[in-house]
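Coordinate inspection notes
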Amino acid sequence: MVYQLVREQFLECSLDEAWQFFSSPYNLPRIAPPEMDFKIVSDLQTDKIYEGLKIDYTVRPLFHIKLKWKSEIRGYESHYSFIDYQLKGPYKFWSHYHEFIPSNNGVLMRDILKYEIPFGIFGDFINFILIKRTLNYIFDYRRSIIDVLFNKK
């Protein structure tokens with residue numbers, strides 16, 4: 001079964017400021033929970049994403065177990081959207097669509113995550129009791145950090 005998580009967040013900044021931040025893979029560890037120990041292990045030649053860029057990471061999303069992850073940037077449209085697509089990792093399928101919609105007062109950032117857990121019905125059960133909750137925690141943490149970085153309080 002393919003699951004979906006949709007999040008939207010308003011950013012009090014220009015489209016260019018939002019794009020500059022979110023199009024750099026090096027900012028991913030800044031918005032991930034520290035206990036995930038999110039590390040880029042690729043030797044990237046640039047600090048900006050582009051169509052076809054492949055990035056290797058290590059993460060510890062559950063029980064402090066270190067996992068390798070390889071993603072590819074797809075559907076890249078500068079200052080509008082991109083997809084972080086898992087090539088290798090713990091999910092049977094993972095596609096994280098990032099969209100940036102300018103407005104007069106800032107930018108609406110929309111995330112649409114589609115994912116599938118391996119192991120059939122057992123994977124669905126694990127999603128119900130653990131994965132879904134963990135993903136919500138990660139996106140809630142991300143929201144709080146992004147609020148501090150972009151939104152005046």
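Everything in this summary refers to the structure shown in the same document. (Residues numbered from 1 in each chain as written. Predicted model: local features only at pLDDT ≥ 70, side-chain atom pairs only at ≥ 80, totals over all residues. Heavy atoms only, no water.)

If you walk across this open sheet you meet the seven strands as 1-7-6-5-4-3-2, and the pairing is antiparallel. Whereas interior strands pair on both sides, the edge strands pair on one side only; in this sheet they are strand 1 (2-11) and strand 2 (39-40). Contacting strand 1, strand 4 (67-77), strand 5 (81-88), strand 6 (93-103) and strand 7 (106-116), helix 1 (residues 15-22) runs over the sheet at an angle of about 160 degrees to strand 6. (Pairing = 2+ DSSP bridges. Helix = DSSP H or I, 4+ residues; strand = E, 2+ residues; numbered from the N terminus. Contact = heavy atoms within 4.5 Å. Axes fitted to C-alpha atoms, helices over the stretch in contact; angles between N-to-C directions.)

The next thing to look at is helix 3 (residues 120-150). Of all the bends found along helix 3, the most pronounced is centred on Asn127 and spans about 55 degrees. Every buried residue of helix 3 is accounted for by Gly123, Asn127, Ile131, Thr134, Leu135, Ile138, Phe139, Arg142, Ile146, Asp147 and Phe150. Looking at the buried positions of helix 3, the neighbouring elements they touch are strand 1, helix 1, helix 2 (28-31), strand 6 and strand 7. (Bend = angle between axes of the 7 residues up to and from the residue. Buried < 20%, exposed > 50% of the residue type's maximum accessible area, 1.4 Å probe, protein only.)

Moving on: the packing of helix 1 against helix 3. Orientation of helix 1 relative to helix 3, taken along the N-to-C sense of each, is 130 degrees, at an axis distance of 13 Å. Here helix 3 runs oblique to helix 1, going by the angle between their axes. Crossing of helix 1 over helix 3 shows right-handed handedness. From helix 1, Glu17, Ala18, Phe21 and Phe22 reach across to helix 3, where they touch Arg142, Ile146, Leu149 and Phe150. Of the residues that constitute the contact of helix 1 with helix 3, the class distribution is six nonpolar, no polar and two charged. (Parallel < 35°, antiparallel > 145°, perpendicular 65-115°, else oblique. Left-handed = near helix turned anticlockwise from the far one by under 90°. Nonpolar A, V, L, I, M, F, W, Y, C, P; charged D, E, K, R; others polar.)

So, on to the side chain of Arg60. Along the chain, Arg60 falls in the loop between strand 3 (54-59) and strand 4. Side-chain polar atoms of Arg60 contact the side chain of Asp37, separated by 3.1 Å. In this structure the side chain of Arg60 is engaged in a polar contact, spanning 3.1 Å, whose partner is the backbone oxygen of His64. Setting aside its immediate chain neighbours within four residues, Arg60 contacts Glu35, Met36, Asp37, Ile65 and Lys66. (Polar contact = N/O pair within 3.5 Å; in protein donor to acceptor, adjacent residues only side chain to side chain.)

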